[in-house]
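Chain by chain, the residues run as shown.
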Amino acid sequence: WCATDPRLLRLNELFESRTLGCHTGDHKTGHHWITDAEAFYNRFVEIFGQDESMQQADLFMCGEPVFFCRLLSYFGKPVVGYISTPLSVNIDA
């Protein structure tokens with residue numbers, strides 16, 4: 001996660017880190033979950049909705065979590081996604 005851009009830090013506030021109970025041994029890493037998808041979307045639009053460089057893009061590319069593709073669709077431009085995980089990954093709302 002970006003630790004220097006204040007805009008992204010505001011989005012990071014809506015993530016919750018959890019250790020999944022199914023992980024054992026040395027693989028108990030934290031996983032980040034968006035706890036309120038609607039609040040995250042609204043904050044994204046509040047922060048980036050008027051960003052000139054985002055508005056001028058010809059297209060967007062997204063990956064994981066898939067939910068980020070929805071964020072980029074706000075700008076009404078084509079969104080090309082590379083998706084290799086279930087659609088609901090990282091969404092707990």
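Our structure's up above, just so we're on the same page.
A short tour of the structure in this document, coming up. Nothing here was measured: the structure is a model prediction, and the numbers come from that model.

All right, on to the packing of aromatic side chains then. All told, the structure shown has 7 aromatic pairs when counted by the stated rule. Relative to Phe 40, the ring of Phe 15 has its centre 5.4 Å away and its plane inclined at 80°; by these criteria the two rings are edge-to-face. Of the two residues, Phe 15 is situated in strand β1 (residues 15-19) and Phe 40 in helix α2 (residues 37-48); the sequence distance between them amounts to 25 residues. On the basis of relative accessibility, which here comes to 14%, the residue Phe 15 falls in the buried class. Judged by its relative accessible area of 2%, Phe 40 is buried. Here the aromatic residues Phe 44, Phe 48, Phe 60, Tyr 74 and Phe 75 are joined through ring pairs into a cluster of three or more. Sitting over the ring of Tyr 41, Arg 70 keeps its end group 3.9 Å from the ring centre.

Take the nonpolar core next. Side chains of a nonpolar character, in soluble globular proteins, are inclined to be buried together. The biggest cluster of nonpolar side chains holds 19 residues, and the ones touching the most others in it are Phe 40, Phe 44 and Phe 67. Of all the secondary structure elements, the ones that give two or more residues to this core are α2, β3 (60-62) and α4 (67-73). The element best represented in this core is α2, accounting for 6 residues. Residues contacting Phe 40, with those up to four places away along its chain left out, are Leu 11, Leu 14, Phe 15, Ile 34, Phe 67, Phe 68 and Leu 71.

Here the focus is a nonpolar patch on the surface. A cluster of nonpolar side chains, namely Leu 59, Met 61 and Val 80, defines an oily patch on the protein surface of about 310 Å² accessible area. With respect to the helices, strands and loops of the structure, Met 61 is situated in strand β3. According to the relative accessible area criterion, Met 61 is exposed, its value standing at 67%.

As enumerated under the stated definition, the model contains 4 salt bridges in all. Put simply, Arg 7 and Asp 5 hold a salt bridge, and the shortest N to O gap is 2.9 Å. On the basis of relative accessibility, which here comes to 34%, the residue Arg 7 falls in the partly exposed class. Close ionic contact of Arg 7 with Asp 51 constitutes a salt bridge, the shortest N to O distance being 3.3 Å. In this pair, Arg 7 sits in helix α1 (residues 6-12) while Asp 51 sits in the loop between α2 and α3 (52-56), placing the two residues 44 residues apart along the sequence. Residues participating in the shared-partner salt-bridge network are Asp 5, Arg 7 and Asp 51.

About the thresholds
- Residues numbered from 1 in each chain as written.
- Predicted model: local features only at pLDDT ≥ 70, side-chain atom pairs only at ≥ 80, totals over all residues.
- Heavy atoms only, no water.
- Phe/Tyr/Trp six-rings, centres within 6.5 Å; stacked < 30°, edge-to-face > 60°.
- Helix = DSSP H or I, 4+ residues; strand = E, 2+ residues; numbered from the N terminus.
- Buried < 20%, exposed > 50% of the residue type's maximum accessible area, 1.4 Å probe, protein only.
- Lys NZ or Arg CZ within 6 Å of the ring centre and 35° of its normal.
- Core = buried A, V, L, I, M, F, W, Y, C linked by side-chain atoms within 4.5 Å.
- Contact = heavy atoms within 4.5 Å.
- Patch = residues over 30% accessible without salt bridge, like charges linked within 9 Å, V, L, I, M, F, W, Y side chains within 5 Å.
- Areas by Shrake-Rupley, 256 points an atom, 1.4 Å probe, with all protein chains shown as cover.
- Salt bridge = Lys/Arg side-chain N within 4 Å of Asp/Glu carboxyl O.

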